[in-house]
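Summary of structural features
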Amino acid sequence: MMVQMKNDQINEELSQAGTASPITSELMKLDSFRITSDTPVPAEEFLLRMFGKPCFPRRDLSTVTGMEKCGKTFFTTMLMACCAEKQVLELERISEQPIKVMWYDTEQSRQSTKSILTERVYRLIKTHTDSTDLTDLSRLDSLFLVFNVRACTYQERMAYLIAGIQSYKPDLVIIDNVSDLLPSVNDAEESIRIINQLMQLASEHDCNITVVIHLNRTGEKRSLRGWLGTEILHKAFEVYYCEQIEKTDVYAVEQIFTRKYRVSEKLYYMITDEGLPEVTAKPNFQPRDSDGHYMSNKPDAYQIRSEKAETFNQKYIIRNEGNARQSWEWNLGLLFSDALSDASELSVSMLKDRVMALSGIQQPKYYDKVFQLAVDRRVVQTTMDRNGRIVVITVPS
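On a predicted model such as this, the values are computed, not experimentally measured, just so you know.

1. A closer look at the side chain of N148
Counting through the fold element by element, N148 comes out in strand β7 (residues 144–148). Among the polar contacts made by the side chain of N148, one reaches the main-chain carbonyl oxygen of S109 at a distance of 3.2 Å. Here the side chain of N148 touches R150 through a polar contact of 3.3 Å, landing on its backbone nitrogen. Contacts of N148, omitting those with residues within four sequence positions, involve D105, Q108, S109, R110 and T113.

Below, the structure is given as structure tokens:
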């Protein structure tokens, strides 16, 4: 009896082995997205190089961020000029032929948009070229598709953007500011929809879409504004941070995240009397006090006052004997190493809780200053885990 039942079971399984699974329209669509070892996929193609490293890839998103009035528009000006001129400052166009750029301005007045185009972008091109083709305004106007949509609603801006990309086929699209494509940067559903739509546009139309977005008010350079900023960090190929160096006329551009080619150098530049960016050296600014003595050139946020030292865990305090101006400092390596001792990575909030508990820091804003100092001194760094979440890790020695 048992033998017969087992044979019947085997025969049933054999009879079903050749039965095909139902092929639904969803399954057919899913199969079109499948990647195998012989799937034909176009090679990565980059539009520009920065310090010799490929950047701004086609079919992907790039991001420019920073606080207000910190040089974001100057940097996008350089990007636009480089689409026509082979080399602009430390940027170099990879293709021999000029490429078409679409600048989608949602923030500034029409007068400001035109002034930036003619008095900054076009003049920057003329500064770097002897070509008569690139000094002819009609020729330049055919390469630069510039739209000012500040007066439009956010729904109209997105609809017109899609129409422009589909019709004009630009190689590079710069959206300044991407926050103006949705009602609120903290609208999670709209943020996800907009970024997914931009990724789809970049992929379908073989272009790079570079979005400009402000930082949160904390100023932490990896803290892009709102839920929209979080979604951009999850999806962008690379992120560039713009800043003005404290107490100087020097601006800097730094690549703070990339999925492939790391640009380790910072671009430092100043604005000339003609209103154009010009490469300069890293500033070596060191202030003096009222008596003319040199002071620390660290930002005030990083200055540690001696009267606070006793309130913290002394294990993580380094005493600077004989230094009246800074009698102590944090042992950042030991503090963050202990906080990460049992983990290869931690979420930003979990690390914050651990460091504050270990150190005795009570004020979250003061912790933010200590954390930023640890990042600047390359004790720790933020990155993305395999699930696209922001985590903190120690910097490999």
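2. So, the packing of helix α7 (residues 188–204) against helix α8 (residues 226–235)
In contact at an axis separation of 9 Å, α7 and α8 are set at 35 degrees when each is read in the N-to-C sense. The way α7 lies across α8 gives a crossing that is right-handed. In this structure, α7 contributes A188, S191, I192, I195, N196 and M199 to the contact, and α8 contributes W227, L228, E231, I232 and K235.

3. As for the sheet that holds strand β18 (residues 390–394)
The antiparallel open sheet is built from three strands, whose spatial order is β16-β18-β17. The sheet terminates laterally at β16 (346–347) and β17 (380–384), the two strands that pair on one side only. Bridging between β17 and β18 involves five bridges; their strand directions are antiparallel. The partner of Q381 across the bridge, within β18, is I393.

4. Brief notes about the nonpolar core
Of all hydrophobic cores here, the largest spans 42 residues; its most connected members are M50, F75, M78 and F144. Contact partners of M78, with chain neighbours within four places excluded, come to V88, L89, L91, L124, L267, Y269 and P277. Counting 36 residues, the second largest nonpolar core, distinct from the first, contains I165, L181, A202 and M384.

5. What to know about the pairing of β18
Residues in a regular strand project their side chains so that they alternate between the two faces of the sheet. In this structure, β16 lies alongside β18, joined through two bridges in antiparallel fashion. Directly across from L346, in β18, lies its bridge partner V392. Between β17 and β18, which pair antiparallel and follow one another directly, the connecting turn spans five residues, one of which, G388, has a positive phi of 80 degrees.

6. Description of the layout of surface pockets
There is about 350 Å³ of room inside the second largest pocket. Along the wall of the second largest pocket there are 15 residues; nearest its centre are K69, C70, K72, T73 and Q108. Residue assignment for the lining of the second largest pocket shows that the elements contributing at least two residues are α3 (72–84), α4 (110–128) and β9 (208–214). For the lining of the second largest pocket, the residue count by class is five nonpolar, four polar and six charged.

7. Notes on helix α11 (residues 364–376)
Compared with an ideal rise of 1.5 Å per residue, which puts 13 residues at 18 Å, α11 spans 18 Å between its outermost C-alpha atoms and is within 8% of the ideal. Of the residues making up α11, those classed as buried are Y366, Y367, V370, F371, Q372, L373, A374 and V375. Along its buried surface, α11 packs onto β15 (328–330), α9 (332–339), α10 (348–359), β17 and β18. Count one or two residues on from α11 and you reach R378, which has phi positive near 60 degrees.

8. Some remarks on the packing of aromatic side chains
By the definition in use, this model includes 15 aromatic pairs. Measuring from ring centre to ring centre gives 5.8 Å for F147 and Y168, while their planes differ by 35 degrees; the resulting arrangement is tilted. Taken as a pair, F147 in strand β7 and Y168 in helix α6 (residues 154–168) lie far apart in primary sequence, 21 residues in all. Through a chain of ring-to-ring contacts, three or more aromatic side chains come together here, namely F312, W328, W330 and Y366.

9. Details of α6
Compared with an ideal rise of 1.5 Å per residue, which puts 15 residues at 21 Å, α6 spans 21 Å between its outermost C-alpha atoms and is within 8% of the ideal. Listed in full, the buried residues belonging to α6 are R157, M158, L161, I162, G164 and I165. Mapping the buried residues of α6 onto a view down its axis gives an arc of 165 degrees, with all of them on the same face. Structurally, α6 contributes buried residues whose contacts are with β6 (101–105), β8 (172–176), α7 and β9.

10. Comments concerning unusual backbone geometry
Excluding glycine, most residues fall at negative phi; most peptide bonds, likewise, are trans. In this model, D176 is joined to N177 through a cis peptide bond whose omega is 25 degrees. Tracing the backbone shows N177 in the loop between β8 and α7. Of note in the backbone geometry, F51 takes a positive phi value of approximately 50 degrees without being a glycine. Even without being a glycine, R378 presents a positive backbone phi close to 60 degrees. Assignment of secondary structure puts R378 in the loop between α11 and β17. By relative accessible area, which is 53% here, R378 ends up exposed.

11. Considerations on the packing of α6 against α7
Across the interface, α6 lies against α7 with an axial gap of 11 Å and an inter-helix angle of 10 degrees. Considering the angle they form, α6 stands roughly parallel to α7. Packed against α6, whose contacting residues are M158, L161, I162 and I165, the element α7 presents I194, Q197, L198 and L201 at the interface. Taken together, the residues of the contact of α6 with α7 sort by class into seven nonpolar, one polar and no charged.

12. Thoughts on a nonpolar patch on the surface
A cluster of nonpolar residues, I23, L27, M28 and L30, forms a patch on the protein surface that exposes about 430 Å² of accessible area. If you trace the backbone, L30 turns up in helix α2 (residues 25–32).

Each value, and the rule that gives it
- Residues numbered from 1 in each chain as written.
- Predicted model: local features only at pLDDT ≥ 70, side-chain atom pairs only at ≥ 80, totals over all residues.
- Heavy atoms only, no water.
- Helix = DSSP H or I, 4+ residues; strand = E, 2+ residues; numbered from the N terminus.
- Polar contact = N/O pair within 3.5 Å; in protein donor to acceptor, adjacent residues only side chain to side chain.
- Contact = heavy atoms within 4.5 Å.
- Axes fitted to C-alpha atoms, helices over the stretch in contact; angles between N-to-C directions.
- Left-handed = near helix turned anticlockwise from the far one by under 90°.
- Pairing = 2+ DSSP bridges.
- Core = buried A, V, L, I, M, F, W, Y, C linked by side-chain atoms within 4.5 Å.
- Buried < 20%, exposed > 50% of the residue type's maximum accessible area, 1.4 Å probe, protein only.
- 1 Å grid on protein atoms, 1.4 Å probe; cavity = no way out; pocket = protein on both sides within 12 Å on 5 of 7 lines; lining within 4 Å.
- Points joined across faces, edges and corners; volume = space filled by probe spheres on them.
- Nonpolar A, V, L, I, M, F, W, Y, C, P; charged D, E, K, R; others polar.
- Expected span 1.5 Å × (residues − 1).
- Phe/Tyr/Trp six-rings, centres within 6.5 Å; stacked < 30°, edge-to-face > 60°.
- Arc of directions from axis to C-beta.
- Parallel < 35°, antiparallel > 145°, perpendicular 65-115°, else oblique.
- Patch = residues over 30% accessible without salt bridge, like charges linked within 9 Å, V, L, I, M, F, W, Y side chains within 5 Å.
- Areas by Shrake-Rupley, 256 points an atom, 1.4 Å probe, with all protein chains shown as cover.
- Salt bridge = Lys/Arg side-chain N within 4 Å of Asp/Glu carboxyl O.

Function cannot be inferred from these measures alone, as they are strictly geometric.
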